[in-house]
Amino acid sequence: MTPGVLYLLASVGGSVTVAVLLKLARRYAVDVRQAIAVNYAVAALLCWAVLRPDPSTLVTPQTPWAVLAALGVLLPSVFLAMAAAVRHAGIVRSDAAQRLSLFIPLLAAFLLFGEPVSGRKLAAILLAASALACLLRRPAAAAQSPADNRAVWLWPLAVWAGYGVIDILFKQVARAGTAFAGGLLLAFMLAGVLMLGVLLCLRVRWERRHLAAGVALGVANFGNILTYIRAHQSLPDHPALVFASMNMGVITLGTLVGALAFREPLTRLNLLGISLALAAIVLMAPW
């Protein structure tokens, strides 16, 4: 296999590993708040060590502090929503909802930035919306109470919306001229500081196992980002292949892991939703 394909496989594995770690957090009574806070500290350190952002580009008059502040709030908030989604709705629905969030920036491009609407992209959006509706349905027997039933669709919906807005904000950081590595580092640092401040206010009891889980989460989280970047760099002439393979790979592997390893119940409607999600991604890719 070529380096580009290996990077793609590693990126898919890293993304699903994050969901698996969040799934296991409940089994081993890990405080996901502490783990997520440590995750951002680890990710920031790795970003600085591996991507080596130019210090002169970190703080300039063009630095979009309002956007970065919004990212600092949204990143940990959506990570917490992802943890809740995995806990209540499972890996399959959570990973699919996260990947379908890529259609929110597409809608924003049409509605906010004046990009012309094409038939292919409109069809992809309709497929994605149908896929999300199918994925959010769960067997009635699996929900134990009205609150549980709401959580099954509410948290994946929050993940879908949250990651979509985060994607838009990162695009705004790029539009402002901030280098990707610098913007990513600042966003990680702000998110980590915010989570630390919240946990200090709550006076949580810090424990090694929660911190160790955060280190594993941070390595998997940053590893996913880094290998995705490397895949694009290794396959510069095939951006559509990287885009489609990454998103389809995460949904497919997430489905296999969720259904086989964690016995997550899936209806025929859910499986139809997964098929529609894959079709939407293929249609969306800039072939």
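What to know about the overall build of the protein chain
Scanning the protein chain for helices and strands turns up 12 helices and 0 strands. Secondary structure elements in the protein chain, listed N-terminal to C-terminal, are α-α-α-α-α-α-α-α-α-α-α-α. Its C-alpha atoms give the protein chain a radius of gyration of 19 Å, near enough to 19 Å, the size a compact globule of 287 residues would have. When each of the 287 residues of the protein chain is scored for burial, the buried share is 47%. Total accessible area on the protein chain stands at roughly 13800 Å², and carbon and sulfur atoms take up 68% of it. Separation of charge centres in the protein chain, based on 22 positive and 9 negative side chains, amounts to 7 Å.

Thoughts on the nonpolar core
By size, the foremost hydrophobic cluster in this structure holds 58 residues, and its most contacted members are Leu-22, Leu-51 and Phe-188. Taken together, the elements giving at least two residues each to this core come down to α1 (3-27), α2 (32-51), α4 (65-89), α8 (146-175), α9 (180-202), α10 (208-234) and α11 (239-261). In terms of residue count, α4 provides more of this core than any other element does, 11 residues in total. If we skip the residues at most four places from it in the chain, Phe-188 touches Tyr-40, Ala-43, Ala-44, Cys-47, Phe-222 and Ile-225. Ala-97, Leu-132, Leu-136 and Met-284 belong to the second largest nonpolar core, which has 27 residues in total.

Describing the environment of Thr-255
For Thr-255, the position within the fold is in helix α11. Between the alpha carbons of Thr-255 and Leu-266 there is a distance of 9.4 Å; along the sequence they are 11 residues apart. Sequence-distant contacts of Thr-255, defined by excluding residues within four places in its chain, comprise Val-92, Leu-266 and Ile-274. Side-chain polar atoms of Thr-255 contact the backbone oxygen of Ile-251, separated by 2.7 Å.

Re the packing of aromatic side chains
Scanning all chains against the criterion turns up 2 aromatic pairs. A ring pair is formed by Tyr-40 and Phe-79, whose centres lie 6.1 Å apart and whose planes are at 85 degrees; its orientation type is edge-to-face. Residue Tyr-40 is located in helix α2, and its partner Phe-79 is located in helix α4; the two are separated by 39 residues in the primary sequence. Residue Tyr-40 shares its accessibility class with Phe-79, and that shared class is buried. Aromatic side chains Tyr-40 and Phe-188 sit 6.0 Å apart centroid to centroid with 40 degrees between the ring planes, which places their arrangement in the tilted category.

Cut-off values and rules
- Residues numbered from 1 in each chain as written.
- Predicted model: local features only at pLDDT ≥ 70, side-chain atom pairs only at ≥ 80, totals over all residues.
- Heavy atoms only, no water.
- Helix = DSSP H or I, 4+ residues; strand = E, 2+ residues; numbered from the N terminus.
- Rg over C-alpha atoms; globule rule 2.2 N^0.38 Å.
- Buried < 20%, exposed > 50% of the residue type's maximum accessible area, 1.4 Å probe, protein only.
- Areas by Shrake-Rupley, 256 points an atom, 1.4 Å probe, with all protein chains shown as cover.
- Lys, Arg positive; Asp, Glu negative; His and termini not counted.
- Charge placed at Lys NZ, Arg CZ, Asp CG, Glu CD.
- Core = buried A, V, L, I, M, F, W, Y, C linked by side-chain atoms within 4.5 Å.
- Contact = heavy atoms within 4.5 Å.
- Polar contact = N/O pair within 3.5 Å; in protein donor to acceptor, adjacent residues only side chain to side chain.
- Phe/Tyr/Trp six-rings, centres within 6.5 Å; stacked < 30°, edge-to-face > 60°.

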